[in-house]
Amino acid sequence: YSVETPCSNDVLKKRMALHSYICHPSIIYNKNFILHYAGYNEQLTAFEDYELWLRLIKEANFFVIPEYLLFVRIREDSASQINFNERKIIVYDFQNKYFCDLKSNFNISTLEEQQIVKGWREYFYGNKKNARLEWNKISKRSWSVRIILAYLLTFTSEKIFYKLQDYRLRLRLNFLLSRDKTANQELKKQWKE
């Protein structure tokens, strides 16, 4: 499946509150700039790139070229999949520093948006019960289909919940929805001709 990544600096920074949308194997940067900000944190055993991007969130500009330049093969026994739950704890810990000020760090300004992001953070890296608590603080008219589905998944057993996360259901659904959108646009174009 393909991953649609935002291209602009502002959108990337906003989305980096939850995930690194910068594909590390394809990154190009000024080495002196990175070293000026202490480079990668070698004390971390995972997600060193994401932690670096968060440290640079106010200092750097991020851009993604809107072309597919890299293909990644994901296997159950790949290094990125081993001890995934332990690795999520690492992300949760270093995100703490940046989550104290979502407005300044990620330009997430409204309280409603902040609660939504906090819920997603708990869903992906923290505690599924806490995700429900965060989402229960927002008005029901702000609930998207994704939040409703994720909310319902938090009631499943730990085994099912983590299996679905490992299955990368969110990315697969995004791919299917974008593919259907493209197919619908093509059909509309054909009808006009």
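Look a little higher up for the structure.
Residues numbered from 1 in each chain as written. Predicted model: local features only at pLDDT ≥ 70, side-chain atom pairs only at ≥ 80, totals over all residues. Heavy atoms only, no water.

Novice: How would you summarise unusual backbone geometry if you had to cite specific residues and measurements?
Specialist: Phi at phenylalanine 47 is positive, roughly 60°, even though this residue is not glycine. Within the fold, phenylalanine 47 resides in the loop between helix H2 (31-36) and helix H3 (48-55). A positive phi angle, near 55°, is found at asparagine 107, a position not held by glycine. Tracing the sequence through the fold places asparagine 107 in the loop between helix H5 (102-106) and helix H6 (111-125). (Helix = DSSP H or I, 4+ residues; strand = E, 2+ residues; numbered from the N terminus.)

Novice: Break down helix H7 (residues 128-135) for me, citing the residues and quoting the values.
Specialist: Residues of H7 that are buried: Lys128, Ala131, Arg132, Glu134 and Trp135. For H7, the arc enclosing every buried residue in end-on projection is 160°, short of the 170-degree limit, so these residues lie on one face. Capping of H7 at its N-terminal end is provided by asparagine 127; its side-chain oxygen lies 2.7 Å from the backbone amide nitrogen of lysine 129. (Buried < 20%, exposed > 50% of the residue type's maximum accessible area, 1.4 Å probe, protein only. Arc of directions from axis to C-beta. Polar contact = N/O pair within 3.5 Å; in protein donor to acceptor, adjacent residues only side chain to side chain.)

Novice: Explain the packing of H3 against helix H4 (residues 84-99) to me, using residue names and the numbers behind them.
Specialist: The geometry of H3 relative to H4 is characterised by a closest axis approach of 10 Å and an angle of 0° between their N-to-C directions. Between H3 and H4, the angle falls in the class roughly parallel. Counting all contacts with H3, which are made through Tyr50, Glu51, Leu54 and Arg55, the residues of H4 involved are Val91, Phe94, Gln95 and Tyr98. (Axes fitted to C-alpha atoms, helices over the stretch in contact; angles between N-to-C directions. Parallel < 35°, antiparallel > 145°, perpendicular 65-115°, else oblique. Contact = heavy atoms within 4.5 Å.)

Novice: Describe the nonpolar core, with residues and values.
Specialist: Counting residues in hydrophobic clusters, the biggest one holds 39 residues, and the most contacted among them are Trp53, Phe62, Phe106, Trp120, Tyr123 and Trp135. Those elements that place two or more of their residues in this core are H3, H4, H5, H6, H7 and helix H8 (145-153). Here this core takes six residues from H6, the largest share from any one element. Beyond its immediate sequence surroundings of up to four residues, phenylalanine 106 is in contact with Lys13, Lys14, Met16, Ala17, Leu54, Ile57 and Tyr98. (Core = buried A, V, L, I, M, F, W, Y, C linked by side-chain atoms within 4.5 Å.)

Novice: Any chance you could break down the environment of tyrosine 98 for me, citing the residues and the numbers?
Specialist: You can see tyrosine 98 is positioned in helix H4. Residues tyrosine 98 and alanine 17, 81 residues apart in the sequence, show an inter-C-alpha distance of 7.9 Å. Not counting residues within four places of it along the chain, the set of residues in contact with tyrosine 98 comprises Leu54, Arg55, Asn105 and Phe106. Within the structure, tyrosine 98 has its side chain in polar contact with the backbone nitrogen of arginine 55 (distance 3.5 Å).

Novice: Quick one: what's the story with a nonpolar patch on the surface, residue by residue and with numbers?
Specialist: Nonpolar side chains collect at one region of the surface, where Ile65, Leu69, Leu70 and Val72 lie side by side and expose about 390 Å² of accessible area between them. With respect to the helices, strands and loops of the structure, leucine 70 is situated in the loop between H3 and H4. Owing to a relative accessible area of 31%, leucine 70 belongs among the partly exposed residues under this scheme. (Patch = residues over 30% accessible without salt bridge, like charges linked within 9 Å, V, L, I, M, F, W, Y side chains within 5 Å. Areas by Shrake-Rupley, 256 points an atom, 1.4 Å probe, with all protein chains shown as cover. Salt bridge = Lys/Arg side-chain N within 4 Å of Asp/Glu carboxyl O.)

Novice: Tell me about the packing of H6 against H8, and please be specific about residues and values.
Specialist: What describes two packed helices is the angle between their axes and the distance between those same axes. Remark: H6 packs on H8, axes separated minimally by 11 Å, with the N-to-C direction vectors making an angle of 40°. One way to sum up the angle between H6 and H8 is to call them oblique. In this structure, the crossing between H6 and H8 has a hand that is left-handed. Where H6 abuts H8, its residues Ile116, Trp120 and Tyr123 lie against Arg146, Ile147, Ala150 and Leu153. Across the contact of H6 with H8, the residue classes tally to six nonpolar, no polar and one charged. (Left-handed = near helix turned anticlockwise from the far one by under 90°. Nonpolar A, V, L, I, M, F, W, Y, C, P; charged D, E, K, R; others polar.)

Novice: How would you explain H3 if you had to name every residue and give the values?
Specialist: In terms of burial, H3 is a largely internal element, six of the eight residues being buried. Residues Asp49, Tyr50, Glu51, Leu52, Trp53 and Leu54 constitute the buried set of H3. Where the residues of H3 are buried, they touch H2, H4 and H5.

Novice: How would you sum up the packing of aromatic side chains? Please name residues and give values.
Specialist: For the structure on display, the rule yields 13 aromatic pairs. Residues tryptophan 120 and tryptophan 135 carry aromatic rings whose centres are separated by 4.9 Å and whose planes lie at 75° to one another, so their mutual orientation is edge-to-face. Taken together, the residues span a long stretch of sequence, with tryptophan 120 in helix H6 and tryptophan 135 in helix H7 at a distance of 15 residues. You can call tryptophan 120 buried: its relative accessible area is 14%. Here the aromatic rings of tryptophan 143 and tyrosine 151 are separated by 4.9 Å at their centres, their planes lie at 65°, and the arrangement is edge-to-face. As far as burial versus exposure is concerned, tryptophan 143 and tyrosine 151 are alike and both buried. Linked through ring pairs, Trp120, Tyr123, Phe124, Tyr125, Trp135 and Phe161 together constitute an aromatic cluster. (Phe/Tyr/Trp six-rings, centres within 6.5 Å; stacked < 30°, edge-to-face > 60°.)

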